[in-house]
Amino acid sequence: MSRTYTTVGINLKAMPLGENDRLLSVLTRDRGLLKLVAPHCRGSRSRLGGRVDLFVVNQLFIANGRSLDRILQAETVMTYHGLTTQLARITAAQYLGEVVLYQADHPQPQPELFDLLCATLEQLQQLPSRAALAVLLRSLCRLLDLSGIAPQWHQCGDGGGAIHVPAADTDWRLGFSFAAGGLLTTGRGDRQLTASEVRLGQWLATPATQECDLKNFLEESQVYPLSVWLSLERVLRQYMQFHFDKVLRVPPLLDTCFSPLMVPQP
């Protein structure tokens, strides 16, 4: 069996290892999530340099190790420099990366997950805060669908009937249950959602919305107020924490991005 192999991967997490090394969590298209040692990369003369930075895509030449494989060479394929120029962009990217880490927890090919992450990072690079939030939520819905735990927005979880949302955002409410995985017409649930929140959830879950090109998606997203996007994000945040059985660390930073002091006034 060969003691070396090559793959293309994107860095999702890095932590110090020993005095000079780093331990990288790298999502690859053909091997899933890998834990790799980046040797001697913490010094100023490191030959790996910026190749170990977050969200850098590298062509990797790797040697098998007893417990952890080691990166021998790395050639950068793609970087997403635009993410770091705005707080909302990098926060959305880190949010997405954290969710991907929880989904890609086993070493097997996950090409759809890899492609979705890279495509979303490419889109996020040049977007203003509100648009970045919309793209983030669309991708989160797609990630949940890929993992098989997407909430049900169009059918009632306690009776199976279709959910019909009133045209106006009145006092109408539906319960949303994390355990049941969707809406409950009985009114019970972990959260009570407004007509606008349910309507947005249904729109994001529609295949046509998922496949829509970025320009048209952003134009249609303007129909929903920022407050509704933020509210639905918190619902999805709690839903993911329930199903992953983990507390997501990055999403609370999103609240800072959209505080009254950070959001431009009209």
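In this text the structure is predicted, and so the values were computed from the model without any measurement.

Scoring rules and cut-offs
Residues numbered from 1 in each chain as written. Predicted model: local features only at pLDDT ≥ 70, side-chain atom pairs only at ≥ 80, totals over all residues. Heavy atoms only, no water. Core = buried A, V, L, I, M, F, W, Y, C linked by side-chain atoms within 4.5 Å. Buried < 20%, exposed > 50% of the residue type's maximum accessible area, 1.4 Å probe, protein only. Helix = DSSP H or I, 4+ residues; strand = E, 2+ residues; numbered from the N terminus. Pairing = 2+ DSSP bridges. Axes fitted to C-alpha atoms, helices over the stretch in contact; angles between N-to-C directions. Salt bridge = Lys/Arg side-chain N within 4 Å of Asp/Glu carboxyl O. pLDDT = per-residue confidence, 0-100. Contact = heavy atoms within 4.5 Å.

S.K.: Quick one: what's the story with the nonpolar core, residue by residue and with numbers?
M.R.: If you look at soluble globular proteins, the nonpolar side chains tend to sit buried side by side. If you look at the biggest cluster of nonpolar residues, it comprises 68 residues, and the most contacted ones within it are I10 and W229. The leading source of residues in this core is helix α3 (residues 129-147), at 11 residues. Counting residues in each nonpolar core, the second largest holds 13 residues, with L34, C41, L48 and A74 among its members.

S.K.: Break down the sheet that holds strand β7 (residues 182-184) for me, citing the residues and quoting the values.
M.R.: Strand order in the open sheet formed by three strands is β7-β6-β8, and the pairing between neighbours is antiparallel. The strands lining the two open edges of the sheet, one partner per strand, are β7 and β8 (191-194). Mean inter-strand twist for the sheet, computed between neighbouring axes without regard to direction, equals 45 degrees. Of the pairings in the sheet, the one linking strand β6 (residues 173-177) to β7 comprises three bridges and is antiparallel in character.

S.K.: Describe the pattern of salt bridges, with residues and values.
M.R.: One pass over the structure, following the stated rule, counts six salt bridges. In this structure, D115 and R29 form a salt bridge, with 2.7 Å as the shortest nitrogen-oxygen distance. With D115 in helix α2 (residues 111-124) and R29 in the loop between β2 (21-28) and β3 (32-38), this pair connects stretches of sequence that are 86 residues apart. Under the relative-accessibility criterion, D115 is labelled partly exposed at 34%. Between D255 and R234 there is a salt bridge, with its nearest N and O atoms 3.5 Å apart. Here the residue D255 occupies a position in helix α8 (residues 251-257), and R234 occupies one in helix α7 (residues 226-244), the gap between them amounting to 21 residues. Residue classification places D255 among the partly exposed residues on the basis of a relative accessible area of 29%. Judged by its relative accessible area of 34%, R234 falls in the partly exposed class.

S.K.: Got a sec to walk through unusual backbone geometry? Specific residues and values, please.
M.R.: Residues other than glycine seldom take positive phi values, yet F55 does so here, at roughly 65 degrees. Mapped onto the fold, F55 is located in the loop between β3 and β4 (57-63). Given the relative accessible area of 4%, F55 is considered buried. The phi dihedral of D245 is positive, around 55 degrees, even though this residue is not glycine.

S.K.: Residue-level account of the confidence of the model for the protein chain, with values.
M.R.: With 95% of its residues at a pLDDT of 70 or more, the protein chain shows a mean pLDDT of 91. No element of the protein chain has a lower mean pLDDT than β7, which averages 91, and none a higher one than helix α6 (residues 214-221), which averages 97.

S.K.: Which residues make up the sheet that holds β4, and what values do they have?
M.R.: Strand order in the closed barrel formed by five strands is β1-β2-β3-β5-β4, with mixed pairing between adjacent strands. Looking at each pair of strands side by side, their axes are set apart by 50 degrees on average, direction ignored. Inspection of the sheet shows β4 paired to strand β5 (residues 69-78) by seven bridges, in the antiparallel sense. From the neighbouring strand, I62 faces β5, where its bridge partner is I71. Across the sheet, helix α1 (residues 87-103) is in contact with β1 (4-17), β2 and β3; its angle to β1 comes to roughly 115 degrees. Packing of α2 onto the sheet brings it into contact with β1, β2, β4 and β5, and relative to β1 it is tilted by some 60 degrees.

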